[in-house]
Amino acid sequence: MAVTVEQVKEINPLVPIKAKVIKIVQETPDVKTFHITTIDDKKPFDPLPGQLGMLSLPAIGEAMFSVTNKGENHIEMAIKSVGQLTEALHEIEEGQEVGIRGPYGNGFPLDYFKGKDILFIGGGIGLAPVRSLIMECVRNRENYGKLSVVYGARSKADLCFKEDLFENWPKVPNMDLYVTIDREEEGWDGHVGFVPAYVEELAFQPQVTVLCGPPVMIKFTLPALQKMGFADQDIITTLEMRMKCGIGKCGRCNIGSCYVCLDGPVFTMEQLKELPPEY
Amino acid sequence: MMKIIAKERLPEVLQLLAKDYNVLVPAKFEGVSRFTPYSADVELALEENVLMPPKDIFFPQTEKMYKFKAKDKSLEIEELPVEKEEQLIFGIRSCDLKSLECLDQVFLTKGYVDHFYKDKRDRTALIALSCLQPQEACFCGSMGVDPQNGVGADIQAYDLKDKIGFKAISAKGQEILEKISGLLAEEEVTIPTFGEFNLKADIEGVPEKLQGMFDHPLWADICRKCLNCGACTYVCPTCHCFDIDSEVRGEDGVKIRCWDTCMFGEYTQMAGGHNPRPTKKERVRNRFMHKLRYFPERYKMLLCTGCGRCVVKCPVNLDITAIIKKIKEAE
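Rules used in this analysis
Residues numbered from 1 in each chain as written. Chains lettered and ligands numbered in written order. Predicted model: local features only at pLDDT ≥ 70, side-chain atom pairs only at ≥ 80, totals over all residues. Heavy atoms only, no water. Pairing = 2+ DSSP bridges. Helix = DSSP H or I, 4+ residues; strand = E, 2+ residues; numbered from the N terminus. Contact = heavy atoms within 4.5 Å. Axes fitted to C-alpha atoms, helices over the stretch in contact; angles between N-to-C directions. Phe/Tyr/Trp six-rings, centres within 6.5 Å; stacked < 30°, edge-to-face > 60°. Buried < 20%, exposed > 50% of the residue type's maximum accessible area, 1.4 Å probe, protein only. Lys NZ or Arg CZ within 6 Å of the ring centre and 35° of its normal. Domains from an automatic or database assignment. Salt bridge = Lys/Arg side-chain N within 4 Å of Asp/Glu carboxyl O. Polar contact = N/O pair within 3.5 Å; in protein donor to acceptor, adjacent residues only side chain to side chain. Nonpolar A, V, L, I, M, F, W, Y, C, P; charged D, E, K, R; others polar. Buried area = accessible area lost by both parts, 1.4 Å probe. Core = buried A, V, L, I, M, F, W, Y, C linked by side-chain atoms within 4.5 Å. 1 Å grid on protein atoms, 1.4 Å probe; cavity = no way out; pocket = protein on both sides within 12 Å on 5 of 7 lines; lining within 4 Å. Points joined across faces, edges and corners; volume = space filled by probe spheres on them.

Draft legend 1. Highlighting the sheet that holds strand S9 (residues 147–153) of chain A. Residues and elements named next belong to chain A. The sheet built from 7 strands is open, its strands ordered S11-S10-S9-S8-S12-S13-S16 with mixed pairing. Looking at strand neighbours, the two that pair on one side only are strand S11 (191–192) and strand S16 (266–268), the edges of this open sheet. Alignment of strand S13 (residues 235–238) against S16, held across 3 bridges, turns out to be antiparallel. Considered in S16, the bridge of Ile236 is made with Thr268. The strands touched by helix H4 (residues 127–139) are strand S8 (118–123), S9, strand S10 (175–181), strand S12 (208–212) and S13; relative to S8, the strand with the most contacts, the crossing angle is about 150 degrees. Set on the sheet, helix H7 (residues 215–227) makes contact with S8, S12 and S13; between it and S12 the angle comes to about 165 degrees.

Put into structure tokens, the structure is as follows:
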């Protein structure tokens, strides 16, 4: 049995358990997805879509990542190489033992999504946390309405989860995919352009939307959504801050009186309007 | 009636308690006063509160969390043995007791218990000591603290000038008092009147007012002379931010946590290069907002006890009471 959130609270929440990487998928030149199990091939913990986990190579460091999907016996984290730990993670091979603790954070409000049409908007590695929810909707297809995904990256090579985008998700009933890249390139006959403009061009009916991507994408997509009549409580995003403890104690990931690790990372636009405009 | 002992005979009490507890007493060491394990040759410092707050007894400046061994693809993680020794703090002041209330909120509530903190908190008894006179920068009275009656102690001791009086507060305190009762006399006492505070702060309405002051120009003004040295956060009894890092020797390593400070730029520096608090304005604002607005909003109490240590130790004389006044007067 995977460890439940309640059980995690009983054990020392700051000490990781030993886990191993059983599969590594090269998503883009700088993003890899790591499939992680416990030593006895179980799920290290059972995260809700949108929840987080602390992954460590203890001699190098420990950092918080969104869990991008879970399987019967494993969890997945899609990680971009941007710093000391993530560069080291990109060097490891299958079979590597790692430390892991979690799940942390609130996750997406699944009950709120039940029966509704959902628009997913992602940019670059921003699809990683969103994918956990898309996978939940795909697994329990009958619980949700129409699914639409708008996803963009700098180039074709930079698109994460290509297998999902071009093979798996197109087969899912009542699911529309809109994939775009920033600039024209040879061998690409899909849409070209930035995500915010594409969202506006597609003129969606107001519905629940989950968006995650670089700040510049969020900045220009929000006004487009508001212009189309999306309500603040239906615009949902996930935030990122530097984290150390993951349980709302070490102090650094606060925005106002909220801790992103504990009260987030999922926030609605309605909630964000109550928080300070910066950090 | 109160159980009392002459001040010069206090070491006899401490000596007796030291048989059952690791007794920590306010003492001067190399010119700095802090809580120190009692021994016959410690230089007791009972005239005024210690410079270094007692938080490190529960939340050490550097603390080992677990051991690990990393070799090639393999990893072993091993928890460290837990200390069992019962501790007793003698001479903790009301302001520092209040800081434990704040730290309890942080480390013991909101769904997750910090085991490292709880373990030490559970095996530490507290004998509070009342204050006779405010020190130069004390303003606990303005922060809802009574310098002569601490909250949360097992025993309240009273500084009666030439004597010390003891009053048990908790059952545990009663038990401790019985252990030392052979040394104590019983006497009718009058608790000396407390002096006048030199510093005061009018906190009324400040948390509420700060809600609308995130973008106020006063932060640029307040932060101007701040050096971001972090001294205020290290001497603060309530500041509790920490970093997690490791000490590695070859294949073996120990994960540690150590005090961190929101005054440092790296504190919020993210791997991708973005820093949400890039300049000292954001950092100073976060520190005071945290103490006076965010913490009260989250835990229904201020994150300042009026101990005055930051006022004394700030190298550029940033004074939180003056900042409270500025907030109060700001338009």
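Draft legend 2. Expanded view of the packing of aromatic side chains. All told, the structure shown has 14 aromatic pairs over all chains when counted by the stated rule. Taken together, a centroid distance of 6.2 Å and an interplanar angle of 50 degrees make the contact between B:Phe58 and B:Tyr117 tilted. Taken together, the residues span a long stretch of sequence, with B:Phe58 in helix H2 (residues 55–58) and B:Tyr117 in helix H4 (residues 115–122) at a distance of 59 residues. The two residues B:Phe58 and B:Tyr117 agree in class, both being buried. Note on B:Phe107 and B:Phe242: the rings are 6.5 Å apart at their centroids and 25 degrees apart in plane angle, and the pair reads as stacked. Residue B:Phe107 is located in helix H3 (residues 94–108), and its partner B:Phe242 is located in strand S12 (residues 242–249); the two are separated by 135 residues in the primary sequence. The structure contains a cluster of three or more aromatic residues connected by ring pairs, namely B:Phe58, B:Phe59, B:Phe107, B:Tyr117, B:Tyr234, B:Phe242 and B:Trp259. The ring of A:Tyr112 has A:Lys116 sitting right over it, with the charged end atom 3.4 Å from the ring centre. B:Arg287 extends its terminal NZ or CZ atom over the ring of B:Phe288, reaching a point 5.7 Å from the ring centre.

Draft legend 3. Layout of the domain arrangement of chain B. All names here are of chain B. Its domain assignment divides chain B into domain 1 (2–59 + 82–187) and domain 2 (206–241 + 262–329). Taken over C-alpha atoms, the centre of domain 1 sits 28 Å from the centre of domain 2. Listed as interface residues are 26 residues of domain 1 and, on the opposing side, 27 residues of domain 2. Arg309 serves as the salt-bridge partner of Asp96, at 2.7 Å between the closest nitrogen and oxygen. Our enumeration of links across domain 1 and domain 2 arrives at 9 residue pairs in polar contact (both at pLDDT 80 or more). For the side of domain 1 that touches domain 2, the leading source of residues is H3, giving 10 residues. Of the residues that constitute the side of domain 1 that touches domain 2, the class distribution is 17 nonpolar, 4 polar and 5 charged.

Draft legend 4. Layout of the pairing of strand S5 (residues 62–71) of chain B. Residue and element names in this part refer to chain B. In the sheet, S5 pairs with strand S13 (residues 252–259) via 7 bridges, with the strands oriented antiparallel. Directly across from Tyr66, in S13, lies its bridge partner Lys255. One ladder, built from 6 bridges, connects S5 with strand S6 (residues 74–79); its direction is antiparallel. Following the sheet pairing, Lys67 is matched in S6 by Glu78. Remark: 2 residues form the turn of the hairpin made by S5 and S6, two consecutive strands paired antiparallel; Asp72 in that turn has positive phi of roughly 50 degrees.

Draft legend 5. View of the interface of chain A and chain B. With 49 residues of chain A at the contact, the number on the chain B side is 49 residues. Between chain A and chain B, a total of about 4,100 Å² is buried, with carbon and sulfur atoms accounting for 55% of that surface. On inspection of chain A and its partner chain B, the count reaches 5 salt bridges. Measuring nitrogen to oxygen at the nearest pair gives 2.9 Å for the salt bridge that ties B:Asp243 to A:Lys244. The tally of links from chain A across to chain B stands at 24 residue pairs in polar contact (both at pLDDT 80 or more). Put simply, the parts of the chain that give the side of chain A that touches chain B at least two residues each are helix H1 (5–10), strand S1 (17–28), strand S4 (61–66), strand S7 (97–104) and strand S15 (258–259) of chain A. Tallied by class, the residues present in the side of chain A that touches chain B amount to 23 nonpolar, 11 polar and 15 charged.

Draft legend 6. Here's a closer look at the nonpolar core. Ranked by size, the top nonpolar core spans 52 residues in total, and within it A:Met243, A:Val260, B:Ile89 and B:Ile92 carry the most contacts. The element that contributes the greatest number of residues to this core is H3(B), accounting for 6 residues. Beyond its immediate sequence surroundings of up to four residues, B:Ile89 is in contact with B:Leu24, B:Phe35, B:Ile57, B:Phe58, B:Thr124, B:Ala125, B:Leu126 and B:Ile127. Within the second largest apolar cluster, 36 residues are counted, among which are B:Val206, B:Cys232, B:Tyr294 and B:Cys310.

Draft legend 7. Seen up close, empty space enclosed by the protein. Residues and elements named next belong to chain B. This structure, assessed with the given rule, holds 8 cavities of 30 Å³ or more. As a volume, the largest cavity reaches approximately 180 Å³. Lining the largest cavity are 19 residues, with Cys226, Cys232, Arg287, Cys314 and Leu318 sitting closest to its centre. Sorting the residues of the lining of the largest cavity by element identifies helix H8 (231–235), helix H9 (280–299) and helix H11 (320–329) as the ones contributing at least two each. Of the residues forming the lining of the largest cavity, the biggest block, 3 residues, is contributed by H9. Residues belonging to the lining of the largest cavity are distributed by class as follows: 15 nonpolar, 2 polar and 2 charged. Quantified by volume, the second largest cavity comes out at close to 150 Å³. Considering the residues around the second largest cavity, the lining is formed by 17 residues, among which Asn49, Cys95, Cys131, Gln135 and Cys138 are closest to the centre. A per-class count over the lining of the second largest cavity returns 9 nonpolar, 5 polar and 3 charged.

Draft legend 8. View of the domain arrangement of chain A. Residues and elements named next belong to chain A. As far as domains go, chain A holds domain 1 (5–103) and domain 2 (110–238). Centre-to-centre, using C-alpha coordinates, domain 1 lies 24 Å away from domain 2. Across the contact, 16 residues belong to domain 1 and 17 residues belong to domain 2. Overall, the association of domain 1 and domain 2 removes approximately 1,300 Å² of surface from exposure, summing both partners, and the carbon and sulfur fraction of that is 55%. It is Glu27, Pro49 and Thr68 in domain 1 that bury the most area against domain 2; as a group they hold 37% of the surface buried on that side. Taken together, the connections running from domain 1 to domain 2 amount to 1 salt bridge. The partner of Arg131 in a salt bridge is Glu76, and the shortest N-O contact between them spans 3.0 Å.

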